[in-house]
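The primary structure of each chain is shown beneath.
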Amino acid sequence: MVQMDTSKSGFVGTQVELRCIFINSNPPVKISQVTWQKVVNGTKHNVAIANPALGVSVLPPFKERVSFKQAAVRHRTPSLEDTTIVFSNLQLSDEAAYICEYTTFPAGNRENTVNLTVFARPLTRMTLTSPTIVARAQKRKTTVATCVSANGKPPSIIRWDTRLKGEATFQESRNQNGTVTVRSNYMVIPSRETHKQKLTCIVTYRSEKITDSVVLNVQYEPEVKIEGFDGNWYLNRQNVQLTCRADANPPVTIYQWKLLNGSMSNNVEIKNNTLFFKGPVSYDLAGTYVCDATNGIGTRTGIVDVNITEYPNNPPFDDPDPRSDPHNPGAAIGGAVGGVVLLGVAAVLLFVFLRRRQRTFKGDYSTKKHVFGNGYSKAGGLPAHPPMPKNLQYPDDSDDEKKSAQIGVTGSDFDADGEDLKRPYFTVDEGESRDYDERTLAFQYDPEPELADDMISQTDGSVISKKEWYV
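The chain goes by Ig-like domain-containing protein in an unreviewed UniProt entry, where it is assigned to Knipowitschia caucasica. Recorded under Sequence similarities (unreviewed entry), the UniProt text for the chain is reproduced unchanged: "Belongs to the nectin family." Listed under Subunit (unreviewed entry) in UniProt, the entry text for the chain is "Cis- and trans-homodimer. Can form trans-heterodimers."

Undergrad: Can you help me understand the sheet that holds strand β24 (residues 274-277) in this one?
TA: Backbone-to-backbone hydrogen bonds join strands into a sheet, with any given pair of strands oriented parallel or antiparallel. Here five strands make up an open sheet; going across it, the order is β13-β20-β21-β24-β23 and the pairing mixed. Where the open sheet ends on each side, the last strands, each with one partner, are β13 (133-134) and β23 (268-271). Here four bridges tie strand β21 (residues 240-249) to β24, and the two strands are oriented antiparallel to one another. Following the sheet pairing, T243 is matched in β24 by T274.

Undergrad: Help me understand the side chain of D94, please; the structure alone is not making it clear to me.
TA: Inspection of the secondary structure puts D94 in the loop between β9 (85-87) and β10 (96-105). If sequence neighbours within four positions are ignored, D94 has contacts with K38, F62, R65, F87, N89, L116 and V118.

Undergrad: I keep staring at the packing of aromatic side chains and nothing clicks. Help me out?
TA: Here a ring pair, both rings aromatic, is described through the centre-centre distance and the interplanar angle of the planes. The final tally for this structure, using the stated rule, is eight aromatic pairs. Summarising the aromatic geometry, the rings of W233 and F277 are spaced 5.5 Å apart at their centres and angled 75° between planes, so their arrangement reads as edge-to-face. On the criterion of sequence distance, the pair formed by W233 in the loop between β20 (218-227) and β21 and F277 in strand β24 is long-range, its members being 44 residues apart. The exposure classification of W233 matches that of F277, with both residues buried. Measuring from centroid to centroid gives 5.8 Å for F277 and Y289, while their planes differ by 85°, and the two rings are edge-to-face. Remark: Y289 occurs in strand β25 (residues 287-294) and F277 occurs in strand β24; sequence separation between them is twelve residues. With respect to class, F277 is no different from Y289; both count as buried. Here the aromatic residues F229, W233, F277 and Y289 are joined through ring pairs into a cluster of three or more. Between the NZ or CZ atom of R206 and the centre of the ring of F119, over which it lies, the distance is 3.9 Å.

Undergrad: How should I be thinking about a nonpolar patch on the surface in this particular structure?
TA: A contiguous nonpolar patch, built from V341, V345 and L349 and spanning about 280 Å² of accessible area, is present on the exposed surface. Looking at the element boundaries, V345 is found in helix α1 (residues 329-360).

Undergrad: I keep staring at the nonpolar core and nothing clicks. Help me out?
TA: Across soluble globular proteins, nonpolar side chains show a tendency to be buried alongside one another. L18, W36, F87, Y98 and Y102 are the most contacted members of the largest nonpolar core, which has 31 residues in total. When contributions to this core are tallied by element, the ones reaching two or more residues are β3 (16-18), β5 (30-40), β6 (43-51), β8 (66-68), β9, β10 and β11 (108-119). In terms of residues, this core owes the most to one element, β10, which gives four residues. Beyond its immediate stretch of four places on either side in the chain, L18 contacts K8, W36, T84, I85, F87, Y98, V114 and L116. Counting 21 residues, the second-largest nonpolar core is a separate cluster that includes V240, L259, Y289 and I308.

Undergrad: Quick question: what am I supposed to make of the state of the cysteines here?
TA: A covalent bond bridging the sulfur atoms of two cysteines is what the word disulfide describes. All told, the structure shown has three disulfides when counted by the stated rule. Here C20 engages in a disulfide with C100; their sulfurs sit 2.0 Å apart. Because the sign of the S-S torsion sets the handedness, a value of about -80° for the bond joining C20 and C100 places this disulfide among the left-handed ones. Here C100 lies in strand β10 and C20 lies in the loop between β3 and β4 (21-22), a separation of 80 residues in the sequence. The disulfide bridge from C244 ends at C291, spanning 2.0 Å between sulfur atoms. Judged by the sign of its S-S torsion, about -90°, the bond between C244 and C291 is left-handed. Of this pair, C244 sits in strand β21 while C291 sits in strand β25; the two residues are 47 residues apart in sequence, bridging distant segments of the chain. Accessibility assignment for this pair places C244 and C291 in one class, buried. By sequence order of its bonded cysteines, the chain has the disulfide arrangement 1-2, 3-4, 5-6.

Undergrad: What should I look at first to understand the pairing of strand β17 (residues 180-188) in this one?
TA: β17 sits mainly inside the fold: seven of its nine residues count as buried. Judged from the eight bridges that link them, strand β14 (residues 142-152) and β17 form a sheet pairing that is antiparallel. Residue pairing across strands places T143 opposite M187, the latter belonging to β17. Note: strand β16 (residues 167-174) against β17, eight bridges, orientation antiparallel. Each residue of the ladder has a partner; that of Q171, found in β17, is R183. Hairpin connection of β16 to β17: five residues between the antiparallel strands, including G178 at a positive phi of 95°.

Undergrad: Would you mind going over the sheet that holds strand β19 (residues 208-215) with me for this structure?
TA: Ordered in space as β15-β18-β19, the three strands form an open sheet in which the pairing is antiparallel. Only two strands of the sheet have a single partner each, and these edge strands are β15 (157-162) and β19. For this sheet, the mean angle separating the axes of adjacent strands, direction not counted, is 20°. The pairing of strand β18 (residues 198-205) with β19 spans eight bridges and is antiparallel. When the bridges of β19 are listed, T204 appears paired with K209.

Reading guide: rules and limits
- Residues numbered from 1 in each chain as written.
- Predicted model: local features only at pLDDT ≥ 70, side-chain atom pairs only at ≥ 80, totals over all residues.
- Heavy atoms only, no water.
- UniProt positions renumbered as here; feature names shortened; annotations may be inferred.
- Pairing = 2+ DSSP bridges.
- Helix = DSSP H or I, 4+ residues; strand = E, 2+ residues; numbered from the N terminus.
- Contact = heavy atoms within 4.5 Å.
- Phe/Tyr/Trp six-rings, centres within 6.5 Å; stacked < 30°, edge-to-face > 60°.
- Buried < 20%, exposed > 50% of the residue type's maximum accessible area, 1.4 Å probe, protein only.
- Lys NZ or Arg CZ within 6 Å of the ring centre and 35° of its normal.
- Patch = residues over 30% accessible without salt bridge, like charges linked within 9 Å, V, L, I, M, F, W, Y side chains within 5 Å.
- Areas by Shrake-Rupley, 256 points an atom, 1.4 Å probe, with all protein chains shown as cover.
- Salt bridge = Lys/Arg side-chain N within 4 Å of Asp/Glu carboxyl O.
- Core = buried A, V, L, I, M, F, W, Y, C linked by side-chain atoms within 4.5 Å.
- Disulfide = S-S within 2.5 Å.
- Axes fitted to C-alpha atoms, helices over the stretch in contact; angles between N-to-C directions.

Below, the structure written as structure tokens:
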């Protein structure tokens, strides 16, 4: 019985062992020869032979790279039970199926096979298309970086990691030795925003990850803006200036100032990228100021319109009034003091109100209405009316009602000369215990009633009782 591994693998340039062990029978058989063979397209080619009488032989082109692992195989009286061979400096062409064949007597030939796979680790590199990338006005997509994984077996997988908004292209090419080269180009529109952006290529080969990064160097025309005019240039204001700010790569080398439809005032001093206006502001400074900034890529322009007012405007938003700052200690203290003063005033007003009410009111705050006579008015809002008549005339449109009738209470229930007339008011609850019919409310009043002795007239036309409501 011949024992071998089913498969073995290794990388180009490394070493690999192909195991072959003979398990002898009982009684043992005689080993006459061991032969290693390589199978190429169905054809067997001898690699190495071990013979007890003839010794060891390794055939070209393996003679310099293949050997038997066990030294006993090479002895004058060899031991051929373990005939494992070692491949050194493994090559892609070594990939094949290998047969280890034992010739025995009297059992005959015994053999087994192992499949050898050879991997090639790729060479990975990332490069910029150009050391400097120029942003053009046409805004066309340009290849800015290339990532290559060359001569890999199996082929690699490439992906990109970046914040740039671009796109990648991929291409594979197979080489004659069986390896694969993978190439990926990253394309983007060069601009000021892409300058100094990081671009990373990530190559995955089997379970390995290989990364490489570059930082883009994009050259672009100046991005120009003029600072200094806050919209609040007024007569006699001092120390005003305009500054031309330019973001550019490479840096701006030339600044040029001009005033549209006019010439610069005599009190203007130009120093690098700044206009200094000496002396107080006057109407002569009004106009449209232009700054041209130039670098090695091109020239761009910034414009600002300056107008002069007679008096100052509100403070600009970028210079807020410190009194309105919520973190200003003075504002916080002022707010606290104002709150205390308001609370004090409210307390005084409440005290005065309650004090006056104690002097003008005595009684209860019952939610019942206090009604005079027939139950019309609350104390303080009693309408004037005459004493209630005892006989009423019904309207003429009813024959049955053309009678005089006593108001629907008996003498026992209502004493005109007794306590009921003396009472200045009664509550709704008390009124509900009496029996009135619907016609009770149809009587007419005389122009002016006569007030009871204990009633007193108020300034608003109402009356209240001395006994209950007035102190």
